[in-house]
Amino acid sequence: MSFLTVLLSIFISLPAFAQSAPTPKKNSVEDIFIWKVSDELNLSASEEKKFSDIHRELNKQKMQLATQLQKLSFQSKEDPQLSKARAAEVIKDYKKTLTAYNNLSLQELDKVKSLLGDKKFLDYLAIKQDINLKLKSLVLGDEPSKAKQPTKLPPPQIIEEK
C-alpha cells in the first residue's frame, strides 16, 4: 500500500478520535487530503482555497463534537449511581450532539456541492468513498481491489449420464 493511502486513511479517522489541539502531523495529513482532492478534481487555486477553508472548518467542528460525544458516553461509567433524571439528561445531550455532528455531513454536502457543481461533487464523493474503502481494507487486512470485485465462480462441470 502506498504511503499516501495510509496517510489519507489516518486523516479520515482523526475527527472521530481527536481530543486535543491539532498536531503538525494531523495538519499535514489534512493538507495531503486537500491536495489529493484538488489534484483529482483539477481545482483552480481559488477553488482549492475555498475547498480547504470549508474542509478545515467542518473538520474542526467535527472534532469538537466528537470530543463532546465521547465525554457524554463515558459519564455512565464514571458515575454508576446516575439518577434517572440525570441519565435522561445525558441521553438528551448525547442525541442533540449526535444530531449536530450528523448535520455537519449535510453542511458539507451543501457547501462543497455549491463550490464544485454537481459533476465534480459526485467525483469528490467517489474519491472519499475510495479512501474509506482503503481505510477499511487497512483495518480489516484485505486488499482494496478484493473488496470491490465479487468472487469468481468455478467453471461449470459437465455431467454425462450413462
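These numbers were taken from a predicted model, which means no experiment stands behind them. Residue numbers run consecutively from 1 along every chain, following the written order of its sequence. Reporting of local features is limited, given that this is a predicted model, to residues whose pLDDT is at least 70; pairs of side-chain atoms are given and counted only at 80 or more, and all residues count toward the totals for whole chains, interfaces and linings. Note that water and hydrogens are dropped before the side-chain values are worked out from all heavy atoms of the structure.

## Describing the overall build of the protein chain
Rules: Numbering of helices and strands runs from the N terminus, with a helix taken as a DSSP run of H or I at least four residues long and a strand as a DSSP run of E at least two residues long. Working definition: with a 1.4 Å probe on protein chains only, accessible area under 20% of the residue-type maximum means buried, over 50% means exposed, and in between means partly exposed. Should any heavy atoms of two residues lie within 4.5 Å, those residues are counted as being in contact. Note on areas: Shrake-Rupley, 1.4 Å probe, and residue coverage restricted to the protein chains presented here.
When you go through the protein chain residue by residue, the secondary structure sums to 7 helices and 0 strands. If you list the helices and strands of the protein chain from N to C, you get α-α-α-α-α-α-α. Evaluated residue by residue, the protein chain yields a buried proportion of 27% over its 162 residues. Of all intrachain contacts in the protein chain linking residues separated by at least 6 positions in sequence, the fraction that spans at least 24 positions is 70%. Carbon and sulfur atoms make up 57% of the accessible area of the protein chain, which totals about 11,600 Å².

## Some thoughts on the nonpolar core
Keep this limit in mind: Put simply, buried Ala, Val, Leu, Ile, Met, Phe, Trp, Tyr and Cys residues joined by side-chain atoms within 4.5 Å make one nonpolar core.
Ranked by internal contacts, the top residues of the largest apolar core, which has 20 residues, are F33, V37, L41, F51, V112, L116 and Y124. Among the elements that take part in this core, helix α3 (residues 45–73) stands out by supplying 6 residues, more than any other. Beyond its immediate chain neighbours, meaning those up to four positions away, F51 contacts F33, I34, V37, L43, V112, L115 and Y124.

## Comments concerning the packing of aromatic side chains
For clarity, the threshold we go by: Aromatic pairs are defined between Phe, Tyr and Trp rings, using the six-membered ring for Trp, whenever the two ring centres lie within 6.5 Å; interplanar angles under 30 degrees are classed as stacked, those over 60 as edge-to-face, and all others as tilted.
In the structure shown here, the tally under the stated rule is 2 aromatic pairs. Between the aromatic rings of F51 and Y124, the centroid separation amounts to 5.6 Å while the plane-to-plane angle is 80 degrees, which identifies the pairing as edge-to-face. Here Y124 lies in helix α6 (residues 118–140) and F51 lies in helix α3, a separation of 73 residues in the sequence. By the burial criterion, F51 is buried, and Y124 matches it. Here the aromatic rings of F121 and Y124 are separated by 6.0 Å at their centres, their planes lie at 35 degrees, and the arrangement is tilted. Of this pair, F121 and Y124 both sit in helix α6, separated by 3 residues, roughly a single helical turn. The same class applies to F121 and to Y124, which are both buried. Here a set of aromatic residues connected by ring pairs shows up, and it is made of F51, F121 and Y124.

## Observations concerning the packing of helix α5 (residues 84–116) against α6
Heads up, the condition is: To define axes, lines are fitted to C-alpha atoms, for helices over the stretch in contact only, and angles between the resulting N-to-C directions are given on a 0 to 180 degree scale. Relative orientations are named as follows: roughly parallel for angles under 35 degrees, roughly antiparallel for angles over 145 degrees, roughly perpendicular for angles from 65 to 115 degrees, and oblique for any other angle. By convention, the crossing between two helices is left-handed when the near helix turns anticlockwise from the far helix through less than a right angle, and right-handed when the turn is clockwise. Any residue that is not Ala, Val, Leu, Ile, Met, Phe, Trp, Tyr, Cys, Pro, Asp, Glu, Lys or Arg is counted as polar, Gly included; the first ten are nonpolar and the last four charged.
In the contact formed by α5 and α6, the axes pass within 7 Å of each other and the chain directions differ by 130 degrees. Regarding the angle of α5 to α6, the classification is oblique. Considering the relative orientation of α5 and α6, their crossing is right-handed. Every residue of α6 that contacts α5 at E108, L109, V112, K113 and L116 is listed here: D118, K120, F121, Y124 and K128. Here the residues of the contact of α5 with α6 are counted per class, giving 5 nonpolar, no polar and 5 charged.

## Examining the packing of α3 against α5
It is the contact of α3 with α5, at a shortest axis distance of 9 Å, that shows an interaxial angle of 170 degrees. In this view, α3 runs roughly antiparallel relative to α5, as classed from their interaxial angle.

## Let's talk about the confidence of the model for the protein chain
The test is simple: Per-residue confidence from the predictor is reported as pLDDT, a score between 0 and 100.
When pLDDT is averaged across the protein chain, the result is 79; 75% of the residues are at 70 or more. Low pLDDT, under 50, characterises residues 16–20; the predicted model gives this stretch 5 contacts beyond four residues in sequence or across chains.

## A closer look at the pattern of salt bridges
The test is simple: Salt bridge, as used here: a side-chain nitrogen of Lys or Arg that lies within 4 Å of a carboxyl oxygen of Asp or Glu.
Under the defined criterion, the tally for this structure stands at 10 salt bridges. One salt bridge connects D130 with K134, and the closest N-O pair in it is separated by 3.4 Å. One end of the pair is D130 and the other is K134, both in helix α6 and 4 residues apart, which spans about a single turn. Within the structure, one salt-bridge network assembled from shared partners comprises E30, D31 and R56.

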